[in-house]
Amino acid sequence: MKKRSIFLLAGIATLYFNNTYAQETTPQDSTRTASIDQVVITGNSNPKKKIESSTAISTFTAKEIQKQNPISAAALLQRVPGFAVETSGGEVGNNLFARGIPSAGAYEFVQVQEDGLPVFEDGALQFANADNFFRVDNSVSRLEALRGGSGSIYANNSPGGLINFITKEGSNDFKGTAKLETSTYGLMRTDVNLGGALVQDKLFFNVGGFYRTDNGIRKTGFKANNGGQIRMNLKYVFDKGYAKVYYKKLDDRNTFFLPIPLSQNGNDLKEFSGFDANYGTYSYRAISQLNIPQAGGGFFNRNLEDGIHPRVDVLGAEFKYDLGGNFSVINKTRYTNINMNYTGIFPAGGPQTMADFAKSEGITGNNYQYSLVSNGAIVNPAYVQKLGFWAIDKQMNNFVNDLQFNYKFDKGNVTAGFYKSNWKSHQYWNWSNILTTATDRPELLNLVDTSLTPASTGYSKTYNGVTDMSFLVRDSQIQGSLNDLYLNLDYNITDNLSFNGGIRYSKDSYKGYGVNTTTSNLNNSGLTTDGTHSFLTTTADDNMSVLGNKYTYWYYDVDRVSFTTALNYKINRENAVYARFSNGFRSPNEEAYYNNMNNLSAIKPVTTNQLEVGYKYYSRTFDLAVIPFYSTLKNLSFTDVFSDGTSENKFANTTNFGVELEGYARLFNNLLEVTFNGTIQNPKYKNFTGMDAAGNFFDYDGNTVRRMPKFYFNISPAVNITKEWRAYVSMNYYGKRFQDEANTDKNILPSFSEFGAGTSYQLGKIRFAVDGTNIFNTIGITEGDPRSPLTGTGDIRMARPIMGAAVRASITLDF
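Parameters and conventions
- Residues numbered from 1 in each chain as written.
- Predicted model: local features only at pLDDT ≥ 70, side-chain atom pairs only at ≥ 80, totals over all residues.
- Heavy atoms only, no water.
- Helix = DSSP H or I, 4+ residues; strand = E, 2+ residues; numbered from the N terminus.
- Buried < 20%, exposed > 50% of the residue type's maximum accessible area, 1.4 Å probe, protein only.
- Contact = heavy atoms within 4.5 Å.
- Areas by Shrake-Rupley, 256 points an atom, 1.4 Å probe, with all protein chains shown as cover.
- Lys, Arg positive; Asp, Glu negative; His and termini not counted.
- Charge placed at Lys NZ, Arg CZ, Asp CG, Glu CD.
- Salt bridge = Lys/Arg side-chain N within 4 Å of Asp/Glu carboxyl O.
- Pairing = 2+ DSSP bridges.
- Phe/Tyr/Trp six-rings, centres within 6.5 Å; stacked < 30°, edge-to-face > 60°.
- Lys NZ or Arg CZ within 6 Å of the ring centre and 35° of its normal.
- Axes fitted to C-alpha atoms, helices over the stretch in contact; angles between N-to-C directions.
- pLDDT = per-residue confidence, 0-100.
- Core = buried A, V, L, I, M, F, W, Y, C linked by side-chain atoms within 4.5 Å.

Chemist: Help me understand the overall build of the protein in this model?
Modeler: Across its full length, the protein holds six helices and 48 strands. Over its C-alpha atoms, taken along the principal directions, the protein stretches across nearly 90 × 65 × 55 Å. Buried positions account for 61% of the 815 residues belonging to the protein. Sequence separation of at least 24 residues holds for 71% of the intrachain contacts in the protein that already meet a minimum separation of 6. Accessible area of the protein: about 30300 Å², with a carbon and sulfur share of 55%. Measuring between centres, the 78 positive side-chain charges of the protein sit 4 Å from its 75 negative side-chain charges.

See below:
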């Protein structure tokens, strides 16, 4: 691995220093558009310049996204201060925490949008992270990422912010982009985007998308990612407005990576014997197939190679019309339908020795024997691993409509709107546990009790490597009906001092059901385990879950007001200061409802109060934003899903004080460009006491919020070697964190730094680029294992590290 890292770095460094700086004109491949000229629309009633917006907002143009060439949407969002992003899950299924707000993961306190409407209304449904249903490709025009502030006025469940991906539209000039990309991990990807006019000045079109296949940076033995997306829109412009329709189709399959074993001694992390920390995974081809009989008849089969596989269809429209008398109306509507199969390997605790695992299965002494399922060979692995083979099917749909009326007057404007959203998610779970070797190319194992005969009851502890067949089956549904009114006022008190105020009234209702289950087995099914012996001879089927005909129904209403108020003072063309207070909320998440179906009084919406002040400086060569913030949260629930299907049921309050920093500089006559973002914060639990699942009293008051670094930053200097040739390095630093609420020393996740580097050359309309990630093969943990509160045996730590070193090369043609 060290040789590979040195090779990657040397290759990039050779390109980096291959030429001397020879041009003084602005380089074609400059990464930045002057922020002083940028206009933002997210979290504002009308487009306004960034320096005039009293919000903490980061923007990225299509050109800037192209230069960063993010491997996933989460990797792009790492460049936003205030967002702590975990990217170790792969291309999708990652976690984002806004301003220190803790959660079980996903995008629970921010809303991910496309063109101002949600990708899906709730971005943190179980196993349905918002980034499962969105991909960054060349059809994205720009990204606007808002933290806190007015997020709760313009969207639901978004006190942490709004992430708005804005798609390209056609213009009178026909334009296009075609990109071909490959990598060290078998990537083949093609991106295409075309846009232009069907009728000059009237009718415009844009169509774009991608198709990609690769083996994954972690070695799965199969195609880890395979699929693509297409987006198209048609816009008609008339004298008093426009009408636009659009469609998106996403059919993509991605492997989801979960914790692996590591050896840890204090802050020193090393590979676990037999497991490559940078490239290994339990999600491997040799254990990818599951085919087991069911207690109610038939068989359940699943293929791990299908991974997270969403099939998404989106149809939308947007209409704007000038009503006259300074009044205008805009209406956005969208229907989204999602069918997703989700299959992943979730470790059930850490590796165990052969003897320890056999003892846990009721085998005494040395009366155990392990063998390979593949060929029956008897083996004696140093460690074995119990793995959850989790299968989830979700059918989801969302119809949303946002109607706005706007009135402009001399000193500002008023916006009034009505937001309506109906959504539904039905899910079916079927979970089993399997037994494998604790290696990064795991093999299925059988375990038998040699003190018994093959015909004895309980002789085998497995069925073709399965230790627990369909031990958890769940059938549940949740529906939301949102009816929200909002009002926003922008008022220019003077030429330099402006006021913003907004209020949103949410009258939302949620309902759902869960199907009760019983347990059964296959002892009297007439089936055999091997063609000879009945299921009496194995314990694998002893606690199979069976759906009953008893339903538990629940209903929950949310009736709340959110509001925000702010002042922005523009000192001059380049300097501004602002202050904002906002109050918002997040409705209980799906797991909170499921855990408390019989007592919904135990849960409440999470309420937030945020105060932020900011200083912004924007010029042609230098940008700076310094934004201190303070936030409080109440009724925060913790709902990690453990390996046995149970969840936590704790509620806490938190406080956080922090500072967001964002900067950009173009120095030495455009020779050097530097972008920087960082966050310093101190998130703490407040009034967090109670009883845990085992009935033990806990007191976490004053402890640091779990999984939250107090300091993290990204810095990326770039050298414009010539007008055409550019090279860069980047560094992501992620501070140490606690895995648990108790803040125990053994559960500290060490800090780490990840380095990247790359180069590009612009030859006319063709761009050649090479991008390397984690070039030093750092072992950096983004999270521990919430399904394994303890660390396993000895110094074994179950955790999810970042991906190993990889290089991508691309050719892009603009025409």
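More follows now that the structure is in view.
Chemist: In this structure, what is going on with the pattern of salt bridges? I would like to understand it.
Modeler: Per the counting criterion, the structure on display carries 31 salt bridges. Between Arg99 and Glu612 there is a salt bridge whose closest N-O contact spans 2.9 Å. Residue Arg99 is found in the loop between strand S5 (95-98) and strand S6 (110-114), and its partner Glu612 is found in strand S33 (residues 606-618); the two are separated by 513 residues along the sequence. Taken individually, Arg99 and Glu612 each receive the classification buried, so the pair is uniform in this respect. Note that Lys248 is salt-bridged to Glu114, the shortest N-O span being 2.9 Å. Residue Lys248 is located in strand S16 (residues 241-254), and its partner Glu114 is located in strand S6; the two are separated by 134 residues in the primary sequence. Among the charged side chains, a network of salt bridges with common partners joins Glu91, Arg135, Arg212, Asp214 and Asp252.

Chemist: Would you mind going over the sheet that holds strand S3 (residues 56-61) with me for this structure?
Modeler: One key point about sheets: their strands pair by backbone hydrogen bonds, in either a parallel or an antiparallel sense. Pairing within the open sheet is mixed, and its five strands lie in the order S3-S10-S11-S6-S7. A strand with exactly one partner marks an edge of an open sheet, and here the two such strands are S3 and strand S7 (117-118). The pairing of S6 with strand S11 (residues 161-167) spans five bridges and is parallel. Its bridge partner lying in S11, Val110 is registered against Gly161.

Chemist: Explain the pairing of strand S32 (residues 575-586) to me, please; I cannot follow it from the model alone.
Modeler: Put simply, side chains in a regular strand alternate between the two faces of the sheet. Of all 12 residues making up S32, nine are buried, and the element is well covered by its neighbours. In this antiparallel pair of consecutive strands, strand S31 (residues 544-570) and S32, the connection spans four residues. In this sheet, S33 lies alongside S32 in antiparallel orientation, the contact comprising 12 bridges. Among the inter-strand pairings, Ala579 is bridged to a residue of S33, identified as Val613.

Chemist: Explain the packing of aromatic side chains here, please?
Modeler: The geometry of two aromatic rings is summed up by the distance between their centres and the angle between their planes. Scanning the model with the defined rule gives 46 aromatic pairs in all. Seen from their ring centres, Phe698 and Tyr700 are 4.6 Å apart, and the 20 degrees between their planes marks the pair as stacked. We classify Tyr700 as buried; its relative accessible area is 14%. Joined through ring pairs, the aromatic side chains of Phe127, Phe256, Tyr342, Phe346, Trp390, Trp429 and Trp431 make up one cluster. Of note, Lys235 hangs over the ring of Tyr242, and the distance from its end group to the ring centre comes to 4.2 Å. The aromatic ring of Trp429 is capped on one face by Arg474, whose charged end is 4.0 Å from the ring centroid.

Chemist: When you look at unusual backbone geometry in this model, what are you seeing that I'm missing?
Modeler: Most peptide bonds are trans, and most residues other than glycine sit at a negative phi. In the Ramachandran plot, Ser470 falls in the positive-phi region, its phi being about 45 degrees despite a non-glycine side chain. Within the element layout of this structure, Ser470 appears in strand S29 (residues 466-492). The phi torsion at Asn774 lies on the positive side, around 45 degrees, for a residue other than glycine. Assignment of secondary structure puts Asn774 in the loop between strand S45 (766-773) and strand S46 (781-784).

Chemist: In this structure, what is going on with the sheet that holds strand S18 (residues 268-271)? I would like to understand it.
Modeler: Spatially, the four strands line up as an open sheet ordered S18-S17-S47-S46, and their pairing is antiparallel. Lying at the two open borders of the sheet, with one neighbouring strand each, are S18 and S46. On average, adjacent strands in this sheet sit at an angle of 55 degrees to one another, irrespective of strand direction. Relative to S18, strand S17 (residues 260-265) is paired through four bridges, and the arrangement is antiparallel. Counted as the bridge partner of Ser263 is Lys270 from S18.

Chemist: Any chance you could explain the confidence of the model for the protein here in plain terms?
Modeler: Should the pLDDT be low somewhere, the predicted coordinates at that spot are not to be read in detail. Per-chain confidence: the protein averages 91 in pLDDT, with 93% of residues scoring 70 or above. Confidence over residues 1-26 falls short of pLDDT 50; this stretch has 48 contacts with residues more than four positions distant or in other chains.

Chemist: How do you make sense of the nonpolar core when you look at a structure like this?
Modeler: Among soluble globular proteins, nonpolar side chains are generally buried collectively. Judged by nonpolar contacts, the single largest core of 71 residues is most densely connected at Phe83, Leu96, Tyr107, Ile163 and Phe165. Of all hydrophobic cores here, the second largest spans 26 residues; its members include Phe272, Phe275, Ile287 and Tyr463.

Chemist: I'm lost on the environment of Leu435 in this one. Help?
Modeler: Within the element layout of this structure, Leu435 appears in strand S27 (residues 412-437). Sequence separation between Leu435 and Leu387 is 48 residues, and the spatial gap between their C-alpha atoms is 6.3 Å. Residues in contact with Leu435, not counting those within four places in the same chain, are Phe357, Tyr370, Val384, Gln385, Glu443, Leu444, Leu445, Leu447, Thr462, Gly465 and Thr467.

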